[in-house]
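Descriptive analysis of the structure
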Amino acid sequence: MIYDYIDGVLDRLTAEGNFRTLPEGIEPGMADFTTNDYLGIAQRQDFAEEFMSTAFINFRESFTNHLTPFTSSASRLLCGHPSEHILLEQRLSELYGGRAALLFNSGYHANTGLIAALGSLRSTLIVADKLVHASIIDGMKLADAPSRRFAHNNFDHLARILEKESKEFDNLIVVVESVYSMDGDRTDLDALVALKRRYPGMLLYVDEAHAVGVCGHGGLGLCYSHPDFEDIDIVIGTMGKALASTGAYCICSERMRQFAVNRCRSLIFSTALPPVSCAWSRFVIDKVIGMDTERQRLGRISAAVSAAAGLNEPSHIVPVIAGSSAKAMEWSAKLADRGLKVLPIRTPTVPPGTERLRISLSANVSDQSVNNLIQALGSLR
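Because the structure is a prediction, the values reported are computed rather than measured. (Residues numbered from 1 in each chain as written. Predicted model: local features only at pLDDT ≥ 70, side-chain atom pairs only at ≥ 80, totals over all residues. Heavy atoms only, no water.)

A word on the overall build of the protein. A tally of regular secondary structure across the protein gives 14 helices and 14 strands. Taking 2.2 N^0.38 as the reference for a compact globule, 381 residues should give roughly 21 Å; the C-alpha atoms of the protein span a radius of gyration of 22 Å, in line with that estimate. Principal-axis analysis of the C-alpha atoms places the extent of the protein at approximately 60 × 60 × 55 Å. Expressed as a percentage of contacts within the protein between residues at least 6 apart in sequence, the contacts between residues at least 24 apart total 70%. As presented, the protein carries roughly 18,100 Å² of accessible surface, and 53% of it is formed by carbon and sulfur atoms. For the protein, the distance from the average position of its 37 positive side-chain charges to the average position of its 43 negative side-chain charges is 3 Å. (Helix = DSSP H or I, 4+ residues; strand = E, 2+ residues; numbered from the N terminus. Rg over C-alpha atoms; globule rule 2.2 N^0.38 Å. Contact = heavy atoms within 4.5 Å. Areas by Shrake-Rupley, 256 points an atom, 1.4 Å probe, with all protein chains shown as cover. Lys, Arg positive; Asp, Glu negative; His and termini not counted. Charge placed at Lys NZ, Arg CZ, Asp CG, Glu CD.)

With antiparallel pairing, three strands are arranged side by side in an open sheet as 11-14-13. Edge positions in the sheet fall to strand 11 (317-321) and strand 13 (344-345), since each of these pairs with one other strand and no more. Taken together, the five bridges between strand 11 and strand 14 (residues 356-360) define a ladder with antiparallel strand orientation. Looking across to strand 14, one finds that V318 is bridged to I359. (Pairing = 2+ DSSP bridges.)

On to helix 14 (residues 367-380), then. With 14 residues, helix 14 extends 20 Å from end C-alpha to end C-alpha; this agrees with the ideal 20 Å at 1.5 Å per step. Regarding helix 14, the residues found buried are S369, V370, L373, A376, L377 and L380. All buried residues of helix 14 project into a common sector of 125° when viewed along the axis, lining one side. Opposite its buried face, helix 14 presents the exposed residues D367, Q368 and Q375, each directed more than 90 degrees away. Those residues of helix 14 that are buried lie in contact with strand 1 (31-32), helix 12 (292-308), strand 11, helix 13 (325-337), strand 12 (340-341) and strand 14. (Expected span 1.5 Å × (residues − 1). Buried < 20%, exposed > 50% of the residue type's maximum accessible area, 1.4 Å probe, protein only. Arc of directions from axis to C-beta.)

Its place among the elements puts V174 in strand 7 (residues 171-177). C-alpha of V174 to C-alpha of M202: the two residues are 28 residues apart in sequence and 7.0 Å apart in space. When near neighbours in sequence (up to four residues on either side) are disregarded, V174 contacts V127, F150, L158, L162, L192, M202, L203, L204 and Y205.

Turning our attention to empty space enclosed by the protein. For the structure shown, the criterion picks out two cavities of 30 Å³ or more. The calculated volume of the largest cavity comes to roughly 70 Å³. As for the largest cavity, its lining consists of L92, Y96, V212, G218, G219, L220, L243, Y249, I285, V288 and I289. By volume, the second largest cavity is sized at about 60 Å³. (1 Å grid on protein atoms, 1.4 Å probe; cavity = no way out; pocket = protein on both sides within 12 Å on 5 of 7 lines; lining within 4 Å. Points joined across faces, edges and corners; volume = space filled by probe spheres on them.)

Tallied over the full model, the rule gives nine aromatic pairs. Between Y96 and Y249 the ring centres are 5.9 Å apart and the planes differ by 55°, which places this aromatic pair in the tilted class. Here the residue Y96 occupies a position in the loop between helix 3 (83-95) and strand 4 (100-104), and Y249 occupies one in strand 10 (residues 248-252), the gap between them amounting to 153 residues. With relative accessibility at 2%, the residue Y249 sits in the buried group. Three or more aromatic residues link up through ring pairs in this structure, and these residues are F47, F51, W280 and F283. The aromatic ring of F47 is capped on one face by R44, whose charged end is 4.0 Å from the ring centroid. Positioned above the aromatic ring of F229 is the side chain of R99, whose terminal nitrogen or guanidinium carbon lies 4.6 Å from the ring centre. (Phe/Tyr/Trp six-rings, centres within 6.5 Å; stacked < 30°, edge-to-face > 60°. Lys NZ or Arg CZ within 6 Å of the ring centre and 35° of its normal.)

Our focus in this paragraph is the nonpolar core. One finds V174 and I359 to be the most contacted residues of the largest nonpolar core, which totals 114 residues. Among the elements that line this core, the one with the most residues is helix 11 (residues 275-288), at eight residues. (Core = buried A, V, L, I, M, F, W, Y, C linked by side-chain atoms within 4.5 Å.)

One open sheet holds the seven strands; their spatial order is 4-10-9-8-7-5-6, and the pairing between them is mixed. Edge positions in the open sheet fall to strand 4 and strand 6 (147-150), since each of these has one partner strand only. Going from strand to strand, the sheet's axes swing by 20° on average, the running direction of each strand aside. Alignment of strand 8 (residues 202-207) against strand 9 (residues 234-238), held across three bridges, turns out to be parallel. By the bridge assignment, V206 is partnered in strand 9 with V235. Here helix 9 (residues 254-263) sits on the sheet in contact with strand 4, strand 8, strand 9 and strand 10, set at roughly 25° to strand 4. (Axes fitted to C-alpha atoms, helices over the stretch in contact; angles between N-to-C directions.)

Following the criterion strictly, the structure yields 19 salt bridges and no others. Residues E50 and K287 are paired through a salt bridge, measuring 3.0 Å at the closest nitrogen-oxygen approach. Residue E50 is located in helix 2 (residues 45-55), and its partner K287 is located in helix 11; the two are separated by 237 residues in the primary sequence. Judged by its relative accessible area of 32%, E50 falls in the partly exposed class. Relative accessible area serves as the criterion here: at 25%, K287 is assigned to the partly exposed category. The shortest N-O distance in the salt bridge between K327 and E330 comes to 3.7 Å. Taken together, the residues span about one helical turn, with K327 and E330 both in helix 13 at a distance of three residues. (Salt bridge = Lys/Arg side-chain N within 4 Å of Asp/Glu carboxyl O.)

The structure is reproduced here in structure tokens:
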């Protein structure tokens, strides 16, 4: 019976130390080092109050107050309240130098939908970094195209794959993250652009989920600040992390946008984002552009914690490798006893033997909490 198989799976997960439950929230007084609220916007009561008193209300020509709708009630192609979606896409397009923008319900929807759609094209191969996010892996599984993986940030390995496969495939889609979600390290955009210029059939796809808000000019990510931004075909940004909202967006050419509208199943067959969420995202994005003070403070915190964790390069995502699920859970419990919430990351989220604590830093964490964390990390070694 099916439940016998389910019981077997659950029993095995428990025995391996990989059984998960949904956390109930953070205890009062604990410092939270698990959130992706990198700029602390989710905690900004002043932003929420300003939005609710101004941007939340649209003013019609009749000057009658009209609250922004809480639901779209249909997919984007059928949606009866598209104005907030259009305004947000227009604003994103302006910020990214006039390139087209397209909204998705989440980064997961964006990656699964776009990669599957691109993989439906004739004579296409998808090549992805070994450590890309699960949403990219699932998009590859949904695609009709074959796929290859290259060793993490090993661009010599990628070059060998491209050299071999370019003889067989017309289209080579290379997929990376700009800042990796579990390791906090960065891709080499210079190397990727150089490879794209060597192989005319290569399309470069960069997921900036953990860079948007934090990295680059105005927090628009690493790609936009790169001198060869136009050589990066697809940029994915999310609004559910540093931007403290929900949804995601794709920055691309107008032709690619038209293709996505017609072929991305995750867009076509999902109820569109609530207009109120789009309004909040637009409000927040305009705030984020000017939050250099918060980005600078996050940079200082990142440098201090990264050094304490033994990392060579600072990052707002700091992995502390435990090596086993049991050790990761033990370390997490020790930090919790010291008032620090740092959750264990276990297989299959990370490869076996690399189970870890994932420290996620925010600009609004107190100096005292940062010092407590640094001291606590020393006790784990």
